[in-house]
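Structure at a glance
These are the residues of each chain, in order.
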Amino acid sequence: SRGVTGSLDDCACDVETIDTFNNEQLFPKLQKLLESDYFRFYKVNLNKPCPFWKDNSLCGQKNCAVIPCTPNEVPEGIKTNDHHNMYSAEANQECEKAEKLGAVNSSLSEETRQSLREWSKHDDEAERFCVIDDEESPDSQYVDLLLNPERFTGYKGPEAWQIWNSIYEENCFKPYTVKRPLNPILPDLLPGQCVEKRAFFRLVSGLHSSINIHLSARFLLDDNWYEKKWGHNVSEFQQRFDAQLTNGEGPKRLRNLYFLYLIELRALAKILPVLQRPSFQLYTGQSVQDQQLKLQLIELLQVAKSFPLHFDETTLFAGNKEEAATLKEDFRLTFRNISRIMDCVGCFKCRLWGKLQTQGLGTVLKILFSERQIEALPKSSNSRPTFQLSRQELVSLLNAFGRISTSIRELENFRSLLSMVR
């Protein structure tokens, strides 16, 4: 069974249209981009204490461990750039090659230096949807996302559900209690809620579904003294998404995944004019590769923009200026609370991917709520931009969408496996 087929409530498209677009046009380009030096390294603080309850960390479990780059593997010049220039990056070479790069500022033209100085001046704290002290903390470390993939770690049960219950319940958008693991009541329509708040719930549900698809697709199938075998666990997938085993909730969860995909795809299309500006640099200190990577990124965003049946976000964020400002602030504060909850995840690898995907979705909301600022971007590169993204936001945005895009692709794999089982 496909689990979910046909048209979606939220756009004039259907599931099959999204599958074809993602799997054939967008997914291959996105995966290539995420393997690049610029996008594979993410700076994160995995040692922040949980602000809500006593943390029972599973850091001792080997499948939960995260392998960071050691301090001497990332050159000082790179780290200095990442702190001071909003659109420069650490020279994201693989860790073992990083020391060869040396100081990178010397290769900058004066025009580029000026544009980077402009980026470093701004403070858009009021626009951010996530708590961002990870970038500044002395406890933050660079993590190679390719060496620390999102997959099954054994982190489940009451501790994991405390996280999800907090996300669903402790934010005012969710009036229902989420029941125990495999059969939570996640109604498609939440009575008494305006469409914006229902949308917020569906975004979180879609993220939850995506994470569960990854855990089912990269499940630890065999663990013995000479090898670990990771692969698709069809029964785990069915427990979470099969209509009969979930009392009809599984297909709703998958629809929420597609809803999240459309929202994030829309944000990528919206951000294109920001990243097309000459002052925008993907900066690693390797000018030829950096220029090529920017072209790759622009090409990807143009593919995203070419999707013929984009979600209309104005249906979510409609209203007069005061109402829109209030709604944006509600979303922002609620999402910042979710980003704090991620510091309570007991498994470090789950915490890494939870923080990254939360920041990515927060960046999506920041983009969609900033249409006027994006439209008002000055044509001159000497003028201060009306809208900006930090490197951390851009890396999390693309990697978070990479997770959702991979989930859509994995659904095709599970459909094939399920057809073989039957």
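Residues numbered from 1 in each chain as written. Predicted model: local features only at pLDDT ≥ 70, side-chain atom pairs only at ≥ 80, totals over all residues. Heavy atoms only, no water.

Quick word on helix α1 (residues 15-34)
Compared with an ideal rise of 1.5 Å per residue, which puts 20 residues at 28 Å, α1 spans 25 Å between its outermost C-alpha atoms and falls more than 12% short. In the structure, α1 departs most strongly from a straight axis at leucine 26, where the bend amounts to approximately 50° and where the proline proline 28 lies between one and four residues downstream. Listing the buried residues of α1 in full gives Val15, Ile18, Asp19, Phe21, Asn22, Asn23, Leu26, Phe27, Leu30, Leu33 and Leu34. Contacts made by the buried residues of α1 are with α2 (37-40), α8 (249-276), α9 (287-305) and α13 (391-421). (Helix = DSSP H or I, 4+ residues; strand = E, 2+ residues; numbered from the N terminus. Expected span 1.5 Å × (residues − 1). Bend = angle between axes of the 7 residues up to and from the residue. Buried < 20%, exposed > 50% of the residue type's maximum accessible area, 1.4 Å probe, protein only. Contact = heavy atoms within 4.5 Å.)

Observations concerning the nonpolar core
Counting 98 residues, the largest nonpolar core has Leu26, Phe39, Leu394 and Leu398 as the members making the most contacts within it. Here this core gets 15 residues from one element, more than from any other, and that element is α8. In contact with leucine 398, not counting residues within four places along its chain, are Leu30, Leu33, Leu34, Phe39, Leu268, Leu297 and Leu300. (Core = buried A, V, L, I, M, F, W, Y, C linked by side-chain atoms within 4.5 Å.)

As for the UniProt feature "binding site: FAD" (unreviewed entry) in the chain
Taking the numbering used here, the UniProt-annotated feature "binding site: FAD" (unreviewed entry) corresponds to Arg151, Thr153, Trp164, Ser205, His208 and Arg240. You can call tryptophan 164 buried: its relative accessible area is 11%. Within the element layout of this structure, histidine 208 appears in helix α6 (residues 195-217). For histidine 208, a relative accessible area of 8% corresponds to the buried category. Every residue in contact with histidine 208, bar those within four places of it in the chain, is listed here: Trp161, Trp164 and Tyr168. (UniProt positions renumbered as here; feature names shortened; annotations may be inferred.)

Some thoughts on the packing of aromatic side chains
Using the criterion set out here, one finds six aromatic pairs in the structure. With centroids separated by 4.2 Å and ring planes inclined at 10°, the aromatic side chains of phenylalanine 237 and phenylalanine 414 adopt a geometry described as stacked. With a gap of 177 residues between them, phenylalanine 237 in helix α7 (residues 234-241) and phenylalanine 414 in helix α13 connect regions that are remote in the sequence. The same class applies to phenylalanine 237 as to phenylalanine 414, namely buried. Taken together, a centroid distance of 5.6 Å and an interplanar angle of 90° make the contact between phenylalanine 259 and phenylalanine 311 edge-to-face. On the criterion of sequence distance, the pair formed by phenylalanine 259 in helix α8 and phenylalanine 311 in the loop between α9 and α10 (321-341) is long-range, its members being 52 residues apart. Owing to a relative accessible area of 2%, phenylalanine 259 belongs among the buried residues under this scheme. Every member of this aromatic cluster is reached through a ring pair, and the members are Phe237, Phe241 and Phe414. Just above the ring of phenylalanine 259 sits the side chain of arginine 202; from NZ or CZ to the centre is 4.7 Å. Across the ring face of tyrosine 38, the terminal group of arginine 391 is positioned such that the distance to the ring centre comes to 4.9 Å. (Phe/Tyr/Trp six-rings, centres within 6.5 Å; stacked < 30°, edge-to-face > 60°. Lys NZ or Arg CZ within 6 Å of the ring centre and 35° of its normal.)

Quick notes on the pattern of salt bridges
Any two side chains of opposite charge can pair, on the condition that their charged atoms come close. Tallied over the full model, the rule gives 11 salt bridges. Among the ionic pairs, aspartate 19 bridges to arginine 415, the shortest N-O distance being 3.1 Å. Taken together, the positions of aspartate 19 in helix α1 and arginine 415 in helix α13 put the pair 396 residues apart, joining distant regions of the chain. Exposure class is identical for aspartate 19 and arginine 415. Each is buried. Between arginine 240 and glutamate 236 there is a salt bridge, and its shortest N-O distance comes to 2.7 Å. Linking arginine 240 with glutamate 236, this pair stays in helix α7, spanning four residues, or about one helical turn. Among the residues examined, arginine 240 registers a relative accessible area of 15% and is labelled buried. Glutamate 236 gets classed as buried once you look at its relative accessible area, which sits at 18%. (Salt bridge = Lys/Arg side-chain N within 4 Å of Asp/Glu carboxyl O.)

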